[in-house]
Amino acid sequence: MKLSPKTVSMRFMEAVTLLKQGKLLAAETACLAVLESDARHAEALHLAGLLALQLGQLEEGIGRLRRAVVLKPKDALVHGQLGVALTKSGQTDQALSSFERALALNADLIETAMNYGMRLLHVERPADALVVFDRVIAQQTDLAEAHHQRGCALTELGLLDEALATHAKALSLHPDSADYQLGAATVGGGCECRWRRLW
């Protein structure tokens, strides 16, 4: 059913409100009503993709986010979120490409950069990952996780003294973290942290 532009706008705002209230299914229903009326409503498609992911519908979420990227090709956030979804589905090469596009559009997306760096570690590209983590740390010097992952990259590269110092920095920023304690302890013996979940 074709809705008036005003009703489309109201239904989309309703979807956003329902999401904030934690009513995911109702929010998705509102988004789908918008899309039934206007299949090119980029914001509704983006939100519907995120809702599908939260509802455990991974492939549906990826499909919606892919369509949202077509409608919003310069939206770095959508590219980054698509990269996370592709990572969860095991499509690593495509995930890396999505992260790269996101960061080319907006290099300040810390979470996207962290996800990208950890994917690079996962595919055994520690030198590339190190560049990413260095950029993150230049933007946010007190982000313990960036120091920790940088330490992992350095360990993989065999730069053990620098890795130990970097892990010590992460631990100084977050002294109660068992992960960061483990990171420091595994320097020289292989780094386990590249298998951590997405940040």
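Note that the structure is predicted; figures quoted are calculated from it, not measured. (Residues numbered from 1 in each chain as written. Predicted model: local features only at pLDDT ≥ 70, side-chain atom pairs only at ≥ 80, totals over all residues. Heavy atoms only, no water.)

The next point concerns the overall build of the protein. Per the secondary structure count, the protein includes eleven helices and zero strands. In the protein, the order of α-helices and β-strands from amino to carboxyl end is α-α-α-α-α-α-α-α-α-α-α. Each of the three principal axes of the protein carries a C-alpha extent, and together these read 65 × 30 × 25 Å. Pairs at least 24 apart in sequence give 49% of the contacts found in the protein among residues at least 6 apart. Just so you have it, the protein exposes about 10,000 Å², and 54% of that area is on carbon and sulfur atoms. Computed over 21 positive and 23 negative side-chain charges, the separation of the two mean positions in the protein equals 8 Å. (Helix = DSSP H or I, 4+ residues; strand = E, 2+ residues; numbered from the N terminus. Contact = heavy atoms within 4.5 Å. Areas by Shrake-Rupley, 256 points an atom, 1.4 Å probe, with all protein chains shown as cover. Lys, Arg positive; Asp, Glu negative; His and termini not counted. Charge placed at Lys NZ, Arg CZ, Asp CG, Glu CD.)

For the rest of this paragraph, the subject is the nonpolar core. Met114, Tyr116 and Val136 are the most contacted members of the largest nonpolar core, which totals 49 residues. Top contributing element to this core by residue count: helix α7 (residues 110-122), with seven residues. (Core = buried A, V, L, I, M, F, W, Y, C linked by side-chain atoms within 4.5 Å. Buried < 20%, exposed > 50% of the residue type's maximum accessible area, 1.4 Å probe, protein only.)

Our focus in this paragraph is unusual backbone geometry. Phi angles above zero are rare outside glycine, and Glu124 is one such case at about 65°. The topology assignment puts Glu124 in the loop between α7 and α8 (126-139).

In this model, α8 (14 residues) spans 20 Å end to end at C-alpha, consistent with the 20 Å of a helix rising 1.5 Å per residue. Those residues of α8 that fall on the buried side of the exposure criterion are Pro126, Ala129, Leu130, Val132, Phe133, Val136 and Ile137. Projected down its long axis, α8 carries its buried residues within an arc of 165°, all on one side. Facing away from the buried side of α8 by more than 90 degrees, the exposed set consists of Arg135 and Ala138. (Expected span 1.5 Å × (residues − 1). Arc of directions from axis to C-beta.)

This part takes up the packing of helix α2 (residues 24-37) against helix α3 (residues 42-54). For the pair α2 and α3, interaxial distance at closest approach is 9 Å and the crossing angle is 150°. Both α2 and α3 take part in a crossing whose hand is left-handed. Together, Leu24, Ala27, Glu28, Cys31, Val34 and Leu35 of α2 and Ala44, Leu45, Leu47, Ala48, Leu51, Ala52 and Gln54 of α3 make up the contact between the two elements. (Axes fitted to C-alpha atoms, helices over the stretch in contact; angles between N-to-C directions. Left-handed = near helix turned anticlockwise from the far one by under 90°.)

Right, let's talk about the packing of helix α5 (residues 76-88) against helix α6 (residues 92-105) for a bit. With their axes 8 Å apart at the nearest point, α5 and α6 run at an angle of 160° to one another. Looking at the two axes, α5 sits roughly antiparallel to α6. Viewed along their axes, α5 and α6 form a crossing whose handedness is left-handed. Residues Ala76, His79, Gly80, Leu82, Gly83, Val84, Leu86 and Thr87 of α5 touch α6, and the partners they reach there are Gln94, Ala95, Ser98, Phe99, Arg101, Ala102 and Leu105. Partitioned by chemical class, the residues of the contact of α5 with α6 number eight nonpolar, six polar and one charged. (Parallel < 35°, antiparallel > 145°, perpendicular 65-115°, else oblique. Nonpolar A, V, L, I, M, F, W, Y, C, P; charged D, E, K, R; others polar.)

As a further point, take the confidence of the model for the protein. Counting all residues, the mean pLDDT for the protein is 90, and 93% of those residues have values of 70 or more. When the criterion is pLDDT under 50, residues 194-199 qualifies, and its contacts beyond four places in sequence or with other chains add up to 24 contacts. (pLDDT = per-residue confidence, 0-100.)

Moving on, we come to the environment of Arg40. Assignment of secondary structure puts Arg40 in the loop between α2 and α3. In this structure Arg40 comes out as exposed when scored by relative accessible area, which is 62%.

In this section: helix α10 (residues 160-173). The periodicity of an α-helix, 3.6 residues per turn, causes residues three or four positions apart to be oriented the same way. With 14 residues, α10 should reach 20 Å at 1.5 Å per residue; the first-to-last C-alpha distance of 20 Å fits that figure. Of the positions making up α10, those classed as buried are Ala163, Thr166, His167 and Ala170. Projection of α10 onto a plane perpendicular to its axis shows the buried side chains occupying an angular sector of 100°, all on one side. Residues of α10 that are exposed and point more than 90 degrees away from the buried face comprise Asp161 and Ser172. Among the structural elements, α9 (144-156) and α11 (178-185) are those in contact with the buried residues of α10.

In this structure, His79 sits in helix α5. With near-sequence residues (within four places) excluded, His79 lies in contact with Val69, Lys72, Pro73, Ser98, Arg101, Ala102 and Leu105.

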